[in-house]
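# Tertiary structure, described
Each chain, letter by letter, is given below.
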Amino acid sequence: MEVINMAMKVDPSVKWAGPTRPYDLIKELVIAVVVVCLLAAGLSFLFSSPDEPAVSLKSWSNTNPVDFVNTATSELAGTSTSTGYGPPYNNAVKGMHFGILKMQDWSGVRIPINPAKSFVLDPLANYNDASAQAAVKVWEAASPADQNKWATGYADALGKAKDATQIADPSNMYGPVPTIVTSLLNMAKGGALDGALTTSDSVLPTNFTKPLLFLADSEGYFAAKAEEQHLGGEQWGVMNETGSWPGQSWLWLFSFWYQVEPFKSSENADTIVMLLMGLMTLLLALVPVLPIIRKLPYKIPIHKLIWKDWYSKKL
Amino acid sequence: MSTSWTARVRKATLESYKPEDLLPDTQPAYVASWIYIFGVLTIAAFVMLFATGLILTLEGPAWWHGSGVGHYFNSMHLWSVELFFVFMVVHLWGKFWMAAWRGKRTATWVSGVIAFMASIITAFTGYLIQTNFDSQWISTEAKDGFNSIGVGAFFNALNTGQAILLHVALLPLLLGGIVVWHIILIRRKGVVPPILNDINIDGGN
């Protein structure tokens, strides 16, 4: 009872002047480091870590040339994801927003990319293929209306043919598009397109924006491979890892919002979820002053377990 | 009192902390639970992340794909980060149920939340620089989130060079600084006492 009486007078803002126990901070830290080192070493020995090899434009074009050709054509037709993305790559649309908050639009085009030019035409213009270079010149000299007619017509024809990588065009309905797309496929199959896209801005590349954006436009290869590895958005992919290894499980809440309405089907899901997580982070920081939340530890007495020795007067 | 910058810094640092508070060899008697271990375990995992990360810097970001030794240290780095977050989350929940912000310890709680967020961002950039399929997929998906709030125009998840420098230099320095700030606040205020009565709810907050 004496202990309780003394404890009842405890003011947590005043430095503790009650009974103490011996403590060795440095020893505790050293032991903790050794324990964690052994744990990490043991887990690494038993389970290793995943390393699914990187994909490339070469592997894409060789593994699924149909998807490659369809995607390349969509870049010319202006129907790919990249083409209609908006900031920071282009001004095709204003991008996602939440109410009056249009941060994507406000950030501007700081990483300018014209997918048709960057992914298809520029690489071919510098590729050692005379017919491809001639086809690019025909494309560039044509009106936007003709370009659109050729590319959308070829995209439709490929869609109808389903498994074709090239459509015969005896009446020249598609202009230079078949030559451009077929040449790009050949360039990619040999690996030259990877080099062209990664070195287009620097001969010593560390920035893979262009090849990755092009790959990300692929649904039949890149996205399909991610789905196989349960990395898709609807598969809680944000927190998953390739294979059966644990991923960024601490992002479970971030991933959760994408699985439920109204976020799941919202055209502005990314903006809303990012802002929501920002708000929740702010609330977590403000727990000490949140009226109901800050009193939960008193209502649900888990502290009785934590300080059970103290409460049972064993001190 | 001297108004020199040096004197002010000395007063704010060396003269504000007693050596026995910074490196204590006693603790209040109520500090007797396994939950207290998780704070130091989090720091221990952070030390392991530094150590294994430094080893991984020796031969570049693609080393671990073709070297058994490199792959093993990559595995240790991965499991250290998994342990780091497990320990940190248990520590956070423990501090919540202790209402550890009592006694003018709000800044300690807030610094812990900032450390948690900085850890998530630092870990995320690590996933971007694996130079394998996982990092390719994560970067192409994450760009949409960053772009949607305007951040992607400045932090380009597809720019591997930018992610590497952030992960191995800027972010560990920032996170390390936040962790040091958090620990100093804990040492300064001491470990929060048990919840006992109303003074801890209202008067002590």
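## Observations regarding the overall build of chain A
From N to C terminus, chain A includes 17 helices and 1 strand. Whereas a compact globule of 315 residues would reach a radius of gyration of roughly 20 Å, chain A reaches 29 Å, over 25% beyond that. Considered along the principal axes of its C-alpha atoms, chain A spans approximately 100 × 50 × 35 Å. Residues counted as buried form 35% of the 315 residues belonging to chain A. Contacts in chain A between residues at least 24 apart in sequence constitute 55% of all its contacts with a sequence separation of at least 6.

## Things to note about the overall build of chain B
Helix and strand counts for chain B stand at 9 helices and 1 strand. Counting helices and strands in the order they occur from the N terminus, chain B gives α-α-β-α-α-α-α-α-α-α. Structurally, chain B occupies a C-alpha span of about 55 × 45 × 40 Å along its principal axes. Across the 205 residues of chain B, 45% fall into the buried class. In chain B, 73% of the contacts between residues at least 6 apart in sequence involve partners at least 24 apart.

## Points about the interface of chain B and chain A
In this complex, chain B contributes 79 residues to the contact, which on the side of chain A involves 80 residues. For the side of chain B that touches chain A, the secondary-structure elements that each account for two or more residues are β1 (26-28), α3 (37-57), α5 (68-97), α6 (106-128), α7 (133-148), α8 (160-189) and α9 (198-203) of chain B. If you tally residues by element for the side of chain B that touches chain A, the top one is α5(B), at 13 residues. Per-class residue counts for the side of chain B that touches chain A are 45 nonpolar, 28 polar and 6 charged. Sheet analysis places strand β1 (residues 20-22) of chain A next to β1(B), joined by 3 bridges and oriented antiparallel. Counted as the bridge partner of A:Arg21 is B:Gln27 from β1(B).

## Some remarks on the packing of helix α7 (residues 130-141) of chain A against helix α9 (residues 177-189) of chain A
All names here are of chain A. Between α7 and α9, whose axes approach to 9 Å, the crossing angle comes to 135°. On the basis of the axis angle, α7 is oblique to α9. Both α7 and α9 take part in a crossing whose hand is left-handed. Listed contacts from α9 to Ser131, Ala132, Ala135, Val136 and Trp139 of α7 are Thr179, Ile180 and Ser183. Looking at the contact of α7 with α9, its residues break down into 5 nonpolar, 3 polar and no charged.

## As for the confidence of the model for chain B
Model confidence for chain B is summarised by a mean pLDDT of 92, while 95% of its residues fall at 70 or above. Within the model, the stretch residues 198-205 of chain B combines pLDDT values under 50 with 13 contacts to residues more than four positions away or in other chains.

## Examining unusual backbone geometry
Residue and element names in this part refer to chain A. For the bond running from Pro87 to Pro88, omega is 10°, close enough to zero to count as cis. Counting through the fold element by element, Pro88 comes out in the loop between α4 (65-77) and α5 (103-107). Here the residue pair Glu261 and Pro262 is connected by a cis peptide bond, since its omega of 5° sits within 30 degrees of zero. Although it is not a glycine, Asn172 sits at a positive phi angle of roughly 55°. Note on placement: Asn172 falls in the loop between α8 (144-161) and α9.

## Quick notes on the nonpolar core
Among the nonpolar cores identified, the biggest contains 91 residues, and A:Val120, A:Ile180, A:Leu184, B:Ala45 and B:Phe84 are the most heavily contacted of them. It is α5(B) that provides the largest number of residues to this core, a total of 10 residues. In this structure, A:Trp310, B:Met98, B:Ala99 and B:Trp109 belong to the second largest nonpolar core, which totals 14 residues.

## Examining the confidence of the model for chain A
Residues of chain A with pLDDT of at least 70 account for 96%, and the chain-wide mean is 92. Low pLDDT (under 50) marks residues 1-8 of chain A, which in the prediction has 7 contacts with non-local residues, meaning those over four places away or in another chain.

## Some remarks on the environment of B:Thr160
Assignment of secondary structure puts B:Thr160 in helix α8. Between the C-alpha atoms of B:Thr160 and B:Ser135, which are 25 residues apart in sequence, the distance is 9.3 Å. Non-local contacts of B:Thr160, meaning those with residues more than four positions away in its chain, are made with A:Thr206, A:Asn207, A:Phe208 and B:Ile129.

## Considering the packing of α5(B) against α6(B)
Packed helix pairs are characterised by how far apart their axes lie and by the angle those axes make with each other. Residue and element names in this part refer to chain B. Between α5 and α6, the shortest axis-to-axis distance is 12 Å and the interhelical angle comes to 160°. Taken together, the axes of α5 and α6 are roughly antiparallel relative to one another. Pair α5 / α6 crosses with left-handed handedness. Residues Val81, Met88, Leu92 and Lys95 of α5 touch α6, and the partners they reach there are Gly112, Phe116, Ser119, Ala123 and Gly126. Along the lines of polarity and charge, the residues of the contact of α5 with α6 split into 5 nonpolar, 3 polar and 1 charged.

## Notes on α5(B)
For α5(B), with 30 residues, the first-to-last C-alpha span of 44 Å sits near the 44 Å given by 1.5 Å per residue. Once α5(B) ends, the next one or two residues include B:Ala99, with phi positive near 50°.

## Concerning the environment of A:Pro211
Residue and element names in this part refer to chain A. Relative to the helices and strands, Pro211 is located in helix α11 (residues 209-216). Among the residues examined, Pro211 registers 25 C-beta atoms within 10 Å and is labelled buried. If we skip the residues at most four places from it in the chain, Pro211 touches Leu57, Asp194, Leu197 and Thr198.

Reading the values: rules and limits
- Residue positions within a chain follow its written sequence, with the count starting from 1.
- Chain labels run from A onward and ligand labels from 1 onward, assigned in the order the entries are written.
- With pLDDT at 70 or above as the cut-off, local features in this predicted model cover only qualifying residues; side-chain atom pairs require 80 or more to be listed or tallied, and sums for whole chains, interfaces and linings still use all residues.
- For helices the rule is a DSSP run of H or I covering at least 4 residues; for strands it is a run of E covering at least 2, with both sets numbered from the N terminus onward.
- Only the C-alpha atoms count toward the radius of gyration. The rule for a globule is 2.2 Å times the residue count to the power 0.38.
- Three classes are used. A residue is buried when 20 or more other C-beta atoms lie within 10 Å of its own, exposed when 12 or fewer do, and partly exposed in between, with C-beta atoms placed from the backbone.
- Residues are treated as contacting if the C-beta atoms built from their backbones sit within 7 Å of each other.
- Ten residue types, Ala, Val, Leu, Ile, Met, Phe, Trp, Tyr, Cys and Pro, are classed as nonpolar, four, Asp, Glu, Lys and Arg, as charged, and the remainder, Gly among them, as polar.
- Between any two strands, at least two bridges found by DSSP are needed for them to pair.
- In this description, a line fitted to the C-alpha atoms serves as the axis of each element, helices being fitted only across the stretch in contact, and the angle between N-to-C directions of two axes falls anywhere from 0 to 180 degrees.
- Comment on the angle field: the value is read as roughly parallel under 35 degrees, roughly antiparallel over 145, roughly perpendicular from 65 to 115, and oblique elsewhere.
- Whether a crossing is left-handed or right-handed is set by the direction in which the near helix is turned from the far one by less than a right angle, anticlockwise for left-handed and clockwise for right-handed.
- The predictor's confidence in any single residue is recorded as pLDDT, a number from 0 to 100.
- By convention in this section, buried Ala, Val, Leu, Ile, Met, Phe, Trp, Tyr and Cys residues joined through C-beta atoms within 7 Å make up a nonpolar core.
- By definition here, a helix of n residues has an expected span of 1.5 Å times n minus one.

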